[in-house]
Amino acid sequence: MTESTPHISGPRAAACCPPLVTAALSEGDAETMAAMFKALADPVRLRLLSRVASHPSGEACVCDIADVGVSQPTVSHHLKKLREAGLLTSERRGTWVYYRPAPGVLASLGAFLADTEKAGQEEIAMEAQVS
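Note that this is a predicted model, so its numbers are computed, not measured.

K.L.:
Please clarify how the nonpolar core should be interpreted in this entry.
P.N.:
Most often, soluble globular proteins have nonpolar side chains that are buried together. Counting 24 residues, the largest nonpolar core has Leu48, Leu79, Leu82, Leu87, Leu88, Tyr99 and Leu109 as the members making the most contacts within it. For this core, the elements supplying multiple residues, two or more each, are α1 (27-40), α2 (43-53), α3 (62-65), α4 (72-84), β3 (96-101) and α5 (105-130). When residues no more than four places from it in sequence are discounted, the contact partners of Leu88 are Leu49, Val52, Leu79, Leu82, Arg83, Tyr99, Arg100, Pro101 and Ala102.

K.L.:
Looking at this structure, I do not really get the sheet that holds strand β2 (residues 88-93). What am I missing?
P.N.:
Hydrogen bonds between backbone atoms are what pair the strands of a sheet, whose relative direction is either parallel or antiparallel. Read from one edge to the other, the open sheet built from 3 strands follows the order β1-β3-β2, with strand pairing classed as antiparallel. Because the sheet does not close on itself, it has two edges, and the strands there are β1 (60-61) and β2. Two elements, β1 and β3, share 2 bridges in a ladder whose sense is antiparallel. Within the sheet, the bridge partner assigned to Ala60 lies in β3 and is Tyr99. Relative to β3, α2 is tilted by about 85 degrees, and along the sheet it contacts β1, β2 and β3. Each of β2 and β3 is contacted by α4, which is oriented at about 125 degrees to β2, the strand it contacts most.

K.L.:
What am I meant to see in the packing of aromatic side chains here?
P.N.:
Ring pairs (aromatic) are described by centroid distance and by the angle formed between their planes. Within this structure, the stated rule accounts for 0 aromatic pairs. Note that Arg93 overlies the ring of Tyr98, its terminal NZ or CZ placed 4.2 Å from the centroid.

K.L.:
Help me out: how do you make sense of the environment of Val52 in this one?
P.N.:
One can find Val52 in helix α2. Overall, Val52 belongs to the buried group, its relative accessible area being 0%. Not counting chain neighbours up to four residues away, the residues in contact with Val52 comprise Ala60, Ile65, Leu88, Tyr99, Arg100 and Pro101.

K.L.:
Would you mind going over the pattern of salt bridges with me for this structure?
P.N.:
Considering all chains together, one arrives at 6 salt bridges under this definition. Between Glu59 and Arg93 there is a salt bridge, with its nearest N and O atoms 2.9 Å apart. Taken as a pair, Glu59 in the loop between α2 and β1 and Arg93 in strand β2 lie far apart in primary sequence, 34 residues in all. We classify Arg93 as partly exposed; its relative accessible area is 33%. Its salt-bridge partner being Lys80, residue Glu84 comes within 3.9 Å of it at the nearest N-O pair. Of this pair, Glu84 and Lys80 both sit in helix α4, 4 residues apart, which is roughly one turn of the helix.

K.L.:
What is the right way to read the side chain of His78 from this model?
P.N.:
As for its placement among the helices and strands, His78 is situated in helix α4. Its relative accessible area of 7% is what places His78 among the buried residues.

K.L.:
Just checking my understanding: could you explain the confidence of the model for the chain for this structure?
P.N.:
Note that predicted coordinates carrying low pLDDT should not be read in detail. In this model, the chain carries a mean pLDDT of 79, and residues with pLDDT of at least 70 account for 70%. The low-confidence segment residues 1-15 (pLDDT under 50) makes 29 contacts with residues lying over four places distant or belonging to another chain.

Criteria and cut-off values
Residues numbered from 1 in each chain as written. Predicted model: local features only at pLDDT ≥ 70, side-chain atom pairs only at ≥ 80, totals over all residues. Heavy atoms only, no water. Core = buried A, V, L, I, M, F, W, Y, C linked by side-chain atoms within 4.5 Å. Buried < 20%, exposed > 50% of the residue type's maximum accessible area, 1.4 Å probe, protein only. Helix = DSSP H or I, 4+ residues; strand = E, 2+ residues; numbered from the N terminus. Contact = heavy atoms within 4.5 Å. Pairing = 2+ DSSP bridges. Axes fitted to C-alpha atoms, helices over the stretch in contact; angles between N-to-C directions. Phe/Tyr/Trp six-rings, centres within 6.5 Å; stacked < 30°, edge-to-face > 60°. Lys NZ or Arg CZ within 6 Å of the ring centre and 35° of its normal. Salt bridge = Lys/Arg side-chain N within 4 Å of Asp/Glu carboxyl O. pLDDT = per-residue confidence, 0-100.

Written out as structure tokens, the structure is:
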């Protein structure tokens, strides 16, 4: 890995992988990305992540985000999966747990997908010019 190549390195990663179209993912990066996308593939987890990420204070108490149509133990299970995938961090304060997006991970995932999409669109445009 070079300094110019962003890399996922665990639950508090600040950057993501290069777009799929510019460099092949390493085995470790692919496993990390797959875990993140697998965690996001569940609608309840996606809603929980959205509630945390969009909370005005930048973090949310579990009491503020738990109303997603499933029981409290199920909410806790889903939040644990999001933490394990490196998408959320948490901090216990008294009896409540506060969640926040892991530093840089959401922006990096978005950039990964946007860069990959942009490269795909450029490839389609080049093919159209050749035709």
